[in-house]
Amino acid sequence: MFRDRKFVTFTFVRHPMHRLLSTYINKFIKKDLTSDDYKVFIRQLYGWSETSRKDPSKLARPAFEDFVRMALEQKDVIENDHWASQQVLCGLGSFPYDFVGKLENREEDSRKLLDIIGRPDDRFPDQEELKFPINGVDKLLPNFFTTELRNATATELAQDFELLKYNTDL
């Protein structure tokens, strides 16, 4: 399949800091503490052995900085797709993608991809249709990422920033 030119391999990525903040808001702040989803995310973040003796809903919600530091410790392990390194998760740098689009440029990049596959009159679903609402994290970044946390994120996810050509400035 990888060598068969009838197939086009592609993926869409997201700015690593936007991705971390969006995950934090959607998985740890907006989720009800007693929901099964929240419990799974907490177990994945803290580790299954750490939370197997405690009810995850009784644990305090992690502060953003704590979430990022724990998530970065897991960057090379796919404990959860939402905070794993995109380089590891998608095999960037080793998998032969024909096209890598950016979520921030979804409309323009999806148009390019549709041209590549010979379907210029088609369209990708928008974020609402994908049930992936725009949450405005780009405007919230300076409120959450201190200089120290931004630098730590840039260092730990250096391959994501480099391979995906993202800027580490907020």
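Residues numbered from 1 in each chain as written. Predicted model: local features only at pLDDT ≥ 70, side-chain atom pairs only at ≥ 80, totals over all residues. Heavy atoms only, no water.

Peer 1: Please give an account of helix 4 (residues 64–73) that cites residues and values.
Peer 2: Restricting attention to buried positions, one finds in helix 4 the residues Phe 64, Phe 67, Val 68, Met 70, Ala 71 and Leu 72. Looking at the buried side of helix 4, the elements it contacts are helix 1 (16–29), helix 2 (36–46), helix 7 (137–144) and helix 8 (147–156). (Buried < 20%, exposed > 50% of the residue type's maximum accessible area, 1.4 Å probe, protein only. Helix = DSSP H or I, 4+ residues; strand = E, 2+ residues; numbered from the N terminus. Contact = heavy atoms within 4.5 Å.)

Peer 1: Tell me about the nonpolar core, and please be specific about residues and values.
Peer 2: Within the largest apolar cluster, 29 residues are counted, with the highest numbers of intra-cluster contacts made by Leu 20, Phe 28, Phe 64, Phe 67, Trp 83 and Phe 145. Elements that contribute at least two residues to this core include exactly helix 1, helix 2, helix 4, helix 7, helix 8 and helix 9 (158–164). (Core = buried A, V, L, I, M, F, W, Y, C linked by side-chain atoms within 4.5 Å.)

Peer 1: Help me get a handle on the layout of surface pockets, residues and values and all.
Peer 2: If a probe the size of a water molecule is rolled over the atoms, the empty space left behind becomes visible. Put simply, the largest pocket is a space of about 910 Å³. Considering the residues around the largest pocket, the lining is formed by 33 residues, among which Arg 14, Ser 22, Leu 103, Gln 127 and Phe 132 are closest to the centre. Those elements that provide at least two residues to the lining of the largest pocket are strand 1 (10–13), helix 1, helix 5 (86–90), helix 6 (106–116) and helix 7. Looking at the lining of the largest pocket, the element that brings in the most residues is helix 1, giving six residues. Here the lining of the largest pocket is built from residues that sort into ten nonpolar, ten polar and 13 charged. Roughly 160 Å³ of volume is contained in the second largest pocket. Residue lining of the second largest pocket: Val 13, Leu 92, Gly 93, Phe 95, Tyr 97, Val 100, Lys 102, Leu 163, Leu 164 and Lys 165, and that is the complete set. Elements supplying a minimum of two residues to the lining of the second largest pocket: strand 2 (99–102) and helix 9. Classifying every residue of the lining of the second largest pocket by side-chain character gives seven nonpolar, one polar and two charged. (1 Å grid on protein atoms, 1.4 Å probe; cavity = no way out; pocket = protein on both sides within 12 Å on 5 of 7 lines; lining within 4 Å. Points joined across faces, edges and corners; volume = space filled by probe spheres on them. Nonpolar A, V, L, I, M, F, W, Y, C, P; charged D, E, K, R; others polar.)

Peer 1: Run through the environment of Gln 86, naming residues and quoting values.
Peer 2: Turning to its location among the elements, Gln 86 is positioned in helix 5. With relative accessibility at 4%, the residue Gln 86 sits in the buried group. Taking the C-alpha atoms as reference, Gln 86 lies 9.9 Å from Arg 19; in sequence the two are 67 residues apart. At 2.7 Å, the side chain of Gln 86 and the backbone oxygen of Arg 14 are in polar contact. (Polar contact = N/O pair within 3.5 Å; in protein donor to acceptor, adjacent residues only side chain to side chain.)

Peer 1: Can you break down the side chain of Asp 109 residue by residue, with the values?
Peer 2: Tracing the backbone shows Asp 109 in helix 6. Each residue touching Asp 109, except ones within four places of it in the same chain, is listed here: Phe 12, Phe 99, Gly 101 and Lys 102.

Peer 1: Hey, could you go over the packing of aromatic side chains for me, with residue numbers and the actual values?
Peer 2: Counted by the stated rule, this structure contains 16 aromatic pairs. Ring centres of Tyr 24 and Phe 64 lie 5.1 Å apart, and the angle between their planes is 70°; this geometry places the pair in the edge-to-face category. With Tyr 24 in helix 1 and Phe 64 in helix 4, the pair connects residues that are 40 residues apart, well separated along the chain. The interplanar angle of 75° and the centroid separation of 6.2 Å between the aromatic rings of Phe 28 and Tyr 38 together place this pair among those described as edge-to-face. Placement of Phe 28 in helix 1 and of Tyr 38 in helix 2 is noted, with a sequence separation of ten residues between them. For Phe 28, a relative accessible area of 0% corresponds to the buried category. Members of the aromatic cluster, connected to one another through ring pairs, are Tyr 24, Phe 28, Tyr 38, Phe 41, Phe 64, Phe 67, Trp 83, Phe 144 and Phe 145. In this arrangement the basic side chain of Arg 61 is found over the ring face of Tyr 38, its NZ or CZ atom lying 5.2 Å from the centre. Positioned above the aromatic ring of Tyr 166 is the side chain of Lys 102, whose terminal nitrogen or guanidinium carbon lies 4.2 Å from the ring centre. (Phe/Tyr/Trp six-rings, centres within 6.5 Å; stacked < 30°, edge-to-face > 60°. Lys NZ or Arg CZ within 6 Å of the ring centre and 35° of its normal.)

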